[in-house]
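Listed below are the residues making up each chain.
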Amino acid sequence: MIYKKTFGAMLALALCVSLCACGQTPQTIAAPTQDAQSAAAQQSPSASPSPSPAATPVPTEVQPGETAQPIPTSIMQSIYEFYGYDGETFHGPDITVDYSQPFPFGPSSTALKSGEKSGDLYWIFNGEAAQIEAGGKTYSVNCVENDDYTATATVVDPDGNKMTYDFESLSYLRSCAATVAQDGSLLLLVSVDEASDDFYTTILRVDGKKLVKVEDIQGAVLFCEDGHLMVEDHLYLLGTRPFRRSYELDAGGKPVEPTPYDLSVGSSVTVKADRALPVVGADGKETTVPGGTVLQPMQTDYDTYLTASLQDGTVVRIELENKDGQFLIDGEDQNEWFSDLFWAD
C-alpha cells in the first residue's frame with residue numbers, strides 16, 4: 001500500500017488527558033513489570049498475523065477495562081494489526097477487502113488500470129477516463145491534476161453532456177474513485193492534499209446534467225465496501241497523529257454515522273517520569289498511571305475523551321477538555337503530561 005507522505009509526516013505521535021474529579025480517592029495502576037512487557041511482546045503478532053475477528057459496520061467504542069492488542073513494536077506491525085493482514089487479505093475493523101495486489105494509489109500504480117474495480121470503487125488515475133455504468137447509463141469519468149495547482153473532475157453522459165467540477169489551491173491530487181449510490185446515481189470521491197498532508201475528500205454526485213457536491217469530509221479515501229467508506233488523515237492530539245475513520249454512505253451517497261477516530265495505527269506515548277496521569281479505570285473510578293508508563297492511544301471523539309491501552313492490554317479512558325483547539329488534561333496542556341510527543345511541521 002502506498003501512503004505517500006501521510007505516514008511519514010503523520011507517524012508522529014502523542015497522548016492527551018483531563019480528568020473530572022468525582023470526590024473519589026484515586027488509586028494507582030502499577031506500570032507493567034519487565035516480565036509482563038516481555039510476555040506482551042511474545043504475544044505480539046508476527047509479520048503475517050491471522051485475520052482479526054469478523055468486522056462490523058460501525059465498531060463499538062473501546063471501553064475502559066476492555067482488553068486491547070499488545071502495543072505494536074514497529075510501524076509495519078501496527079499496520080498489520082490494524083487491518084488484520086494475513087498475507088493476502090486485509091480484514092479491517094469496519095470492512096473486509098481483498099487486496100492481494102498493491103493498493104492503487106498514485107500515478108505510478110500498476111495494480112489496477114483506470115476504471116477497474118476494487119471493493120465498491122472504480123479507481124481513476126493516470127489521466128485515463130473510465131467507462132462506468134450507473135442507473136442504466138454509461139458515463140465517461142476522468143480526474144486530472146492541472147499545472148496551476150488545481151484539479152478537474154469530468155463526467156460525460158451518454159448524450160455527450162459534459163459536467164465538470166474544479167478543485168483549486170491544492171498541493172496535489174491524491175486519488176479519484178467512482179462508485180454507484182444505493183439509488184443508482186453515479187458518485188465521485190476525489191481526495192486532495194490541501195496543504196502539507198492535510199487531506200480532504202469531496203463526494204460529487206451526478207444529478208441530471210450537473211455534477212454537484214454532496215459533502216466534504218476530512219481524510220483521503222482508503223477503500224469502500226458494502227457502502228462503508230474508510231478514510232485516513234492526521235489530527236493534533238498527543239502529537240501529530242494518524243487516524244482512520246469510517247462512514248456509511250446513505251442512499252444518495254451522503255456520508256453518515258462516522259465512527260470514532262481510530263488511533264491504533266499510530267505509535268505509543270510515555271507519561272513523564274515525574275507525573276502521575278489521571279485516567280478512568282476499568283471500574284469507572286478515577287485513578288492514575290505512574291510516570292514512565294507507556295500507553296497506546298486507541299480512539300477519540302477529538303473533543304472530550306481518549307481511550308488508551310496499557311502494555312498489559314487494559315484500556316483506560318482519559319478525559320479531555322478541548323479549549324479552542326488546545327487539549328487539556330486535568331487543566332494542563334497535553335505537552336505537560338508526556339515526554340515523547342512529536343509534532344510535524
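Given the structure is predicted, the values throughout are model-derived calculations rather than measurements.

Visitor: I'd love a proper account of the sheet that holds strand β11 (residues 186-193), names of residues and values included.
Guide: Strand order across the open sheet formed by 6 strands is β4-β5-β10-β11-β12-β13, with antiparallel pairing between neighbours. Looking at which strands have only one partner, the edges of the open sheet turn out to be β4 (117-118) and β13 (210-218). Direction of pairing for β11 relative to strand β12 (residues 199-207): antiparallel, over a ladder of 7 bridges. When the bridges of β12 are listed, Leu187 appears paired with Arg205.

Visitor: Please give an account of the sheet that holds strand β27 (residues 332-333) that cites residues and values.
Guide: Read from one edge to the other, the open sheet built from 3 strands follows the order β25-β26-β27, with strand pairing classed as antiparallel. Strands with a single pairing partner mark the edges of an open sheet, and in this sheet they are β25 (321-323) and β27. Sheet topology places β25 next to strand β26 (residues 326-329); 3 bridges connect them, and they run antiparallel. Bridging across to β26, Glu321 finds its partner in Leu328.

Visitor: Go over the packing of aromatic side chains, please, and point to the residues and values.
Guide: Under the counting rule described, the total for this entry stands at 5 aromatic pairs. For the cation-ring pair, Arg174 lies above Phe199, with the distance from its terminal atom to the ring centre recorded as 5.0 Å. Its guanidinium or amino end placed over the ring of Tyr261, Arg245 lies 4.0 Å from that ring's centre, counting from NZ or CZ.

Visitor: Give me the side chain of Thr202: which residues, what numbers.
Guide: Here Thr202 is to be found in strand β12. The exposure class of Thr202 is buried, given its relative accessible area of 1%. Within the local environment of Thr202, its side chain forms a polar contact with the side chain of Asp216, the two groups lying 2.5 Å apart. In this structure, Thr202 is in contact with Tyr165, Phe167, Leu188, Leu189, Val190, Lys213, Glu215 and Asp216, ignoring residues within four places of it in sequence.

Each value, and the rule that gives it
- All residue numbers refer to position in the chain's written sequence, counted from 1.
- Note on the predicted model: pLDDT of at least 70 is required for a residue's local features to be given, and 80 or more for side-chain atom pairs to be given and counted; whole-chain, interface and lining totals, by contrast, use all residues.
- Hydrogens and water are ignored here; the side-chain numbers use all heavy atoms of the structure.
- Only strands joined by at least two bridges in the DSSP assignment are considered to pair.
- Only DSSP runs of H or I with at least four residues qualify as helices, and only runs of E with at least two residues qualify as strands; both kinds are numbered from the N terminus onward.
- For Phe, Tyr and Trp, rings pair up if their centres lie within 6.5 Å, where Trp contributes its six-membered ring, and each pair is then called stacked (planes under 30 degrees apart), edge-to-face (over 60) or tilted (otherwise).
- Whether a charge sits over a ring depends on NZ of Lys or CZ of Arg being within 6 Å of the ring centre and within 35 degrees of the ring normal.
- Exposure classes here rest on a 1.4 Å probe applied to the protein chains alone. A residue is buried below 20% of its type maximum, exposed above 50%, and partly exposed in between.
- Under this definition, polar contacts are N or O atom pairs within 3.5 Å; protein pairs additionally need one hydrogen-donor-capable and one acceptor-capable atom, and for neighbouring residues in sequence, both atoms have to be side-chain atoms.
- Contact definition: two residues touch when any of their heavy atoms are within 4.5 Å.

Purely spatial values, then, with no claim about function.
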